[in-house]
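# Remarks on the overall topology
For reference, the chains in residue letters:
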Amino acid sequence: MKAIRRFTVRTVLPAAISGLGHLASNLRWSWHEPTAQLFHDLDPDAYQAVGGDPVALLGQFDRAKLDALAADASIVERVTQLTADLDRYLTEPRWCQSLGDTAPKSIAYFSPEYGITAALPQYSGGLGILAGDHLKSASDLGVPIVAVGLLYQAGYFKQALSRDAWQQESYPVLDPDGLPLSLLREADGSPSVVSLPLPDGRHLNAYIWRADVGRVPLLLLDSNIPNNDDAARQITDRLYGGGGDHRLQQELLLGMGGVKALRTFSRLTGAPAPEVFHTNEGHAGFLGIERIRELMDYGLSWGEALTAVRASTVFTTHTPVPAGIDRFQALQVGHFFRAGLAPNVPLESILALGAENYEGGDPATFNMAVMGLRLGQRANGVAKLHGKVSRSMFSGLWSGFDVDEVPIASVTNGVHVPTWVDPKIAEFAATHFGRSAVSDGDWSRAADVDDAELWGLRRELRVQLIEDVRARLRASWIKRGASDAELEWTKNVFDPDVLTIGFARRVPTYKRLTLMLRDPDRLKRILLHPEHPVQIVVAGKSHPADEAGKKMIQDLVRFTDDPEVRHRIVFLPNYDMKMARTLFPGCDVWLNNPLRPLEACGTSGMKAAINGALNLSVLDGWWDEMYDGENGWAIPTAPNGTSSEARDDFEASALYTLIENTVAPRFYGTETTENAGAAGPSEHGTAGTELPHTWIHMIKHTLSDLGPKVSATRMVQDYVNQLYIPATEAGRKASADEFAAARELSHYIDRVRGSFRNVHVEHVESVGIDEEPSLGDTFRINAYVRLADLAPEEVEVQVLSGTVSVNDDLEDTTTHTLELSQPLGEGRFLYSMDMTLNHSGSFGYGVRIVPAHRLLASSAELGLVENAR
Ligand SMILES: *Cc1c(COP(=O)(O)O)cnc(C)c1O
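Quick notes on the rules
Residues numbered from 1 in each chain as written. Predicted model: local features only at pLDDT ≥ 70, side-chain atom pairs only at ≥ 80, totals over all residues. Heavy atoms only, no water. UniProt positions renumbered as here; feature names shortened; annotations may be inferred. Helix = DSSP H or I, 4+ residues; strand = E, 2+ residues; numbered from the N terminus. Rg over C-alpha atoms; globule rule 2.2 N^0.38 Å. Buried < 20%, exposed > 50% of the residue type's maximum accessible area, 1.4 Å probe, protein only. pLDDT = per-residue confidence, 0-100. Contact = heavy atoms within 4.5 Å. Core = buried A, V, L, I, M, F, W, Y, C linked by side-chain atoms within 4.5 Å. Pairing = 2+ DSSP bridges. Domains from an automatic or database assignment. Expected span 1.5 Å × (residues − 1). Phe/Tyr/Trp six-rings, centres within 6.5 Å; stacked < 30°, edge-to-face > 60°. Lys NZ or Arg CZ within 6 Å of the ring centre and 35° of its normal. Axes fitted to C-alpha atoms, helices over the stretch in contact; angles between N-to-C directions. Parallel < 35°, antiparallel > 145°, perpendicular 65-115°, else oblique. Left-handed = near helix turned anticlockwise from the far one by under 90°. Nonpolar A, V, L, I, M, F, W, Y, C, P; charged D, E, K, R; others polar. Near = heavy atom within 4 Å. Polar contact = N/O pair within 3.5 Å; in protein donor to acceptor, adjacent residues only side chain to side chain. Areas by Shrake-Rupley, 256 points an atom, 1.4 Å probe, with all protein chains shown as cover. Lys, Arg positive; Asp, Glu negative; His and termini not counted. Salt bridge = Lys/Arg side-chain N within 4 Å of Asp/Glu carboxyl O.

- Going by an unreviewed UniProt entry, the protein chain carries the name Starch phosphorylase and comes from Neomicrococcus aestuarii.
- Regarding the protein chain, the UniProt comment filed under Catalytic activity (unreviewed entry) reads as follows: "[(1->4)-alpha-D-glucosyl](n) + phosphate = [(1->4)-alpha-D-glucosyl](n-1) + alpha-D-glucose 1-phosphate".
- Listed under Sequence similarities (unreviewed entry) in UniProt, the entry text for the protein chain is "Belongs to the glycogen phosphorylase family."

Take a look at the structure:
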């Protein structure tokens, strides 16, 4: 029989342990080990069965169980103490409070996915987990973020394998009432609703669920509600499910609905309005249109509203892979906006924001990353190399400027250490360096630790992984149709004393899951080497629509199925945060071999590093800036211009050679240099007496030196200092006195755009310089410029000096500002400066005119420049 009504009966906790409700509903338990341990101890078997989800655990307890817990004095004591600890954590002043009024009062953070815990599966990979880590570190630092996202009914898919190794997807539906969420409600108890008009008189409505990530509220919009028609209910069905209209409506809801949700949240809770809006990748970009709509309803013009919104918006781009960027048909975007999403906002202006009106662009396309860059006065990539690649990728928006002047900075990603460090490592660090060191990722005294003790700990972590590998492998084979009797061998898969290499990530082509299979016989020899064998654990989901990715998984799994090697290489289905937390600490080496420079940052290697694993990676993303020769190994990249087949051959071969000659011998302490005079290699599998001191030194160096650099504490502080504070300042200036400055800047921009075609550098002289100048010589530069109807203070006349390449390009340039020395009448002016030659070798300079206004963030911002010819 089908139920005709459905209720969710909430657990009523006895007063003595009522704090458990608070502890379960705040997701801080996902990184606060003592709280997680408390829930575990309430009922270890049930905790295991619900996958470590405290809300689900409490939902399982009957009256008798709850009464028994309430009568247990030690449980009551722990609940009381941890509740007080949580309250202190939520209210005490932290780092951001020490910044005073320069810090923003509130920051809105938008992301299409959040990876906070496996119990809230609302992520597909790195982007979401980064967003989760950002919120957690912001919470730890007291940075006042309010986050916005969507609540997907099925989240991302669960992965299994068929008998013939083909990826199978399933979409278990989540019940929001069983998740650590609460519904935002109006004073009368009814759920708050945000609503967007759709074509044909329809509406897209959504409830707002709230999760608490420590101090950070996370608002998730859910369209699966009774107010919606069936089609609208499906909009938040899955993460990255459909394409086209479905995806566009998800993004309209996230961006525009998200701003409405924030306004509702402030109205209901009294929370301050956000001063900065941060869009984590382009998907949420429509938030800028909703803010422009608000300001135009208030009375600002399009240009004034855009200027005010830009001042307080930060845009982070996450991918140098064109397929990773959201694009829609401009017609399709127009169709939805005509339904009245922003009735006072001119549609052609909205469409112009996403237009690819630059060389190589498609005029019919609406590009979400391009809109993101035009809506954010400040933008960044997620590693130094990625910043550089992004400046080049988007340079068409700033044509006329050198690529390194494109205003896209970089903030290198980091990982939330308390989430990703294994409790055993944390305990070890706490014993040796004190509690606070753990949360700060401070291993600066790692060098003092006894080698044998550290090596023993690493072995424990490997053993912990091996147990998980065996259990998961067995479960996977049972799903693939094997019987118990056939699976005896899985009990002996992997060896606690064998060098363990991990590789786990999503499976887009550029990450090259199967590079290691380039020469299968050579890989086999590496796995089965008699003195220094290797075991490899692999995991990763392919996007459901990506057949090439599924084929790569199949090729890999078929290799692992071979009885000759199946004890040394495994593929584990359904890579997620839960698996990751055992996997990273248990591996000795973390492998990463993308096609450089397509990995924007990569964070799994960081998570491995903070657990004492060494990275073996192509110099891409974060590794390009943080590899130092002692913290792991760099896989060489084939020279530019190598064909893709030859490139895979080259890089795979380099990878094999590194493992054979360097990595494996060093792990077993049998490197020839180190081993001079020592007795032959100890038989693996027996407790070797000789410790691999060079390897252990590399672990200590990784923990002490790399640990703090890859911490999300460092990342969030960088965001606050380099982006949030400047955006707060710019936003405050722009909005003060009824938006006086935004109006002023907007009028300036209109004027300067109109006049710039008439601005010219007419003539430049170098006065007092020899044919063969010497170091230390000084000469005068005079630039005669025509400014048409612009005033001298509305522009800057600059000299860029530097070395000159063979094709006359200036390199390593320094920018100097010329002084106005004389008006010449009729809009003409003389600008001058004295230049001293303080470098020998080739020298050259150029002169240009750029817009200048105190509210611009950079000379390049408007993309306007007039270069001397
Ligand atoms: C860290 C992590 C990722 C991202 O890893 P990359 O190295 O950036 O590819 C993906 N999935 C899970 C489960 C993770 O923990």
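### Here's the deal with the overall build of the protein chain
- Of regular secondary structure, the protein chain possesses 28 helices and 28 strands.
- Against the globule reference of 29 Å for 869 residues, the protein chain gives a C-alpha radius of gyration of 30 Å, in line with a compact fold.
- Along the longest, intermediate and shortest principal axes, the C-alpha atoms of the protein chain span 95 × 80 × 50 Å.
- Looking at the 869 residues of the protein chain, the share that counts as buried comes to 57%.

### Describing the confidence of the model for the protein chain
- Model confidence for the protein chain is summarised by a mean pLDDT of 94, while 97% of its residues fall at 70 or above.
- Taken as a whole, residues 674-687 scores under 50 in pLDDT and shows 15 contacts with residues more than four places along the chain or in a different chain.

### Focus on the nonpolar core
- In terms of nonpolar packing, the biggest core is built from 168 residues, with L20, L42, I145 and W695 touching the most fellow members.
- Not counting chain neighbours up to four residues away, the residues in contact with I145 comprise I107, Y109, H134, L135, A138, V216, P217 and Y724.
- Ranked by size, the runner-up nonpolar core spans 65 residues in total, among them L150, Y152, A284 and L300.

### A look at the pairing of strand β26 (residues 828-836)
- Relative to β26, strand β22 (residues 778-786) runs antiparallel, the two being bridged by 9 bridges. Bridge pairing in β26 links N782 to S832.
- As defined by bridge partners, strand β25 (residues 819-825) adjoins β26 across 5 bridges and the pair is classed as antiparallel. Following the sheet pairing, E819 is matched in β26 by S832.
- In textbook terms, the turn of a hairpin is the stretch between consecutive antiparallel strands, and for β25 and β26 this stretch comprises 2 residues, one of which, E826, has a positive phi near 55°.

### Observations concerning the environment of A308
- Its place among the elements puts A308 in helix α11 (residues 302-311).
- Judged by its relative accessible area of 7%, A308 is buried.
- Sequence separation between A308 and K158 is 150 residues, and the spatial gap between their C-alpha atoms is 43 Å.
- Contacts of A308, omitting those with residues within four sequence positions, involve L295, A734, F739 and A742.

### Some details on the domain arrangement of the protein chain
- By domain assignment, the protein chain separates into domain 1 (15-88), domain 2 (101-410), domain 3 (449-710) and domain 4 (759-867).
- In this structure, domain 1 and domain 4 have C-alpha centres spaced 68 Å apart.

### Concerning helix α7 (residues 126-141)
- The end-to-end C-alpha distance of α7, which contains 16 residues, comes to 22 Å, matching closely the 22 Å that a straight helix rising 1.5 Å per residue would cover.
- For α7, the buried fraction is high: 14 of the 16 residues fall into the buried class.
- One or two steps after α7, the chain reaches G142, where phi turns positive at roughly 70°.

### A short note on the packing of aromatic side chains
- Enumeration according to the criterion identifies 20 aromatic pairs in this entry.
- An angle of 50° between the planes, with centres 5.8 Å apart, marks the rings of F286 and F337 as tilted. Here F337 lies in helix α12 (residues 330-337) and F286 lies in the loop between β9 (276-280) and α10 (287-298), a separation of 51 residues in the sequence. Across the pair, F337 and F286 agree in class, each one buried.
- Ring geometry for F433 against W443: centres 5.4 Å apart, planes inclined by 70°, an arrangement best described as edge-to-face. One end of the pair, F433, is in helix α17 (residues 423-433); the other, W443, is in the loop between α18 (435-440) and α19 (451-479), with 10 residues separating them in the sequence.
- In this structure F433 comes out as buried when scored by relative accessible area, which is 11%.
- Looking at W443, the relative accessible area reads 6%, which means it is buried.
- Looking at R505, its charged tip hangs above the ring of F503, at a distance of 4.5 Å from the centre.
- Of note, K607 hangs over the ring of W420, and the distance from its end group to the ring centre comes to 4.1 Å.

### Some details on the sheet that holds strand β15 (residues 499-504)
- As summarised here, the arrangement of the 6 strands in space is β17-β16-β15-β18-β19-β20, forming an open sheet in which the pairing is parallel. One side of each edge strand has no neighbouring strand; the edge strands of this open sheet are β17 (569-572) and β20 (632-635). Taken over all neighbouring pairs, the strand axes of this sheet differ in orientation by 20° on average, direction set aside.
- Here β15 runs beside strand β18 (residues 589-592); their pairing, made up of 2 bridges, is parallel. In the sheet register, I501 faces β18, and the bridge partner there is V589.
- Together, β16 (534-539) and β17 form the strand contacts of helix α20 (residues 520-527), whose direction differs from that of β16 by roughly 120°.

### Side note on the environment of V194
- With respect to the helices, strands and loops of the structure, V194 is situated in strand β6 (residues 193-197).
- Separated by 11 residues in sequence, V194 and N205 have C-alpha atoms that sit 5.6 Å apart.
- The residues contacting V194, other than those within four sequence positions of it, are L204, N205, A206, I208, L221, G257, K260, A261 and T264.

### Quick look at the UniProt feature "modified residue: N6-(pyridoxal phosphate)lysine" (unreviewed entry) in the protein chain
- As recorded in UniProt, the sites labelled "modified residue: N6-(pyridoxal phosphate)lysine" (unreviewed entry) are K607.
- The buried category is assigned to K607, whose relative accessible area is 4%.
- The contact partners of K607, leaving out residues within four places of it in the chain, are I129, V415, W420 and F584.

### Here we look at the packing of helix α9 (residues 244-269) against α10
- Between α9 and α10, whose axes approach to 6 Å, the crossing angle comes to 55°. As summarised for this structure, α9 and α10 are arranged oblique, according to the angle between their axes. Handedness of the α9/α10 crossing: right-handed. Together, G255, M256, V259, K260 and R263 of α9 and L287, I289, E290, R291, R293 and E294 of α10 make up the contact between the two elements.
- A per-class count over the contact of α9 with α10 returns 4 nonpolar, 1 polar and 6 charged.

### Quick word on the site of the ligand
- Residues in close proximity to the ligand total 15 residues, the closest being I129, K511, T603, S604 and K607.
- Contact between the ligand and K607: an oxygen atom at 2.6 Å from a side-chain N or O atom of the residue.
- Expressed as a share of its isolated accessible area of 390 Å², the protein-covered part of the ligand is 95%.
- Contributions of two or more residues to the shell around the ligand are made by α7, α22 (577-586) and α23 (604-609).
- Sorting elements by how many residues they give to the shell around the ligand places α22 first, with 3 residues.
- Looking at the shell around the ligand, its residues break down into 6 nonpolar, 5 polar and 4 charged.
- The residue makeup of the shell around the ligand includes at least three contributed by each of domain 2 (101-410) and domain 3 (449-710).

### Brief notes about the sheet that holds strand β27 (residues 844-851)
- The 4 strands lie next to each other as β24-β23-β27-β28, forming an open sheet whose pairing is antiparallel. Where the open sheet ends on each side, the last strands, each with one partner, are β24 (810-817) and β28 (866-867).
- Summarising the sheet, strand β23 (residues 795-804) and β24 pair through 6 bridges and their orientation is antiparallel. Paired with L800 across the two strands is T815, which belongs to β24.

### A closer look at α12
- Among the 8 residues of α12, 6 are classified as buried, and the element is accordingly described as predominantly covered.
- Buried within α12 are the following residues: A330, Q332, V333, G334, F336 and F337.

### Some thoughts on the side chain of K541
- Structurally, the position occupied by K541 is in the loop between β16 and α21 (547-560).
- Here K541 is buried and forms no salt bridge, its nearest opposite-charge partner D576 lying at an N-O distance of 6.3 Å.
- Among the polar contacts listed, one links the side chain of K541 to the side chain of N574, at a separation of 3.4 Å.
- Excluding residues within four positions of it along the chain, K541 makes contact with Y156, F157, Q159, Q167, R505, R506, V507, I553, N574 and Y575.

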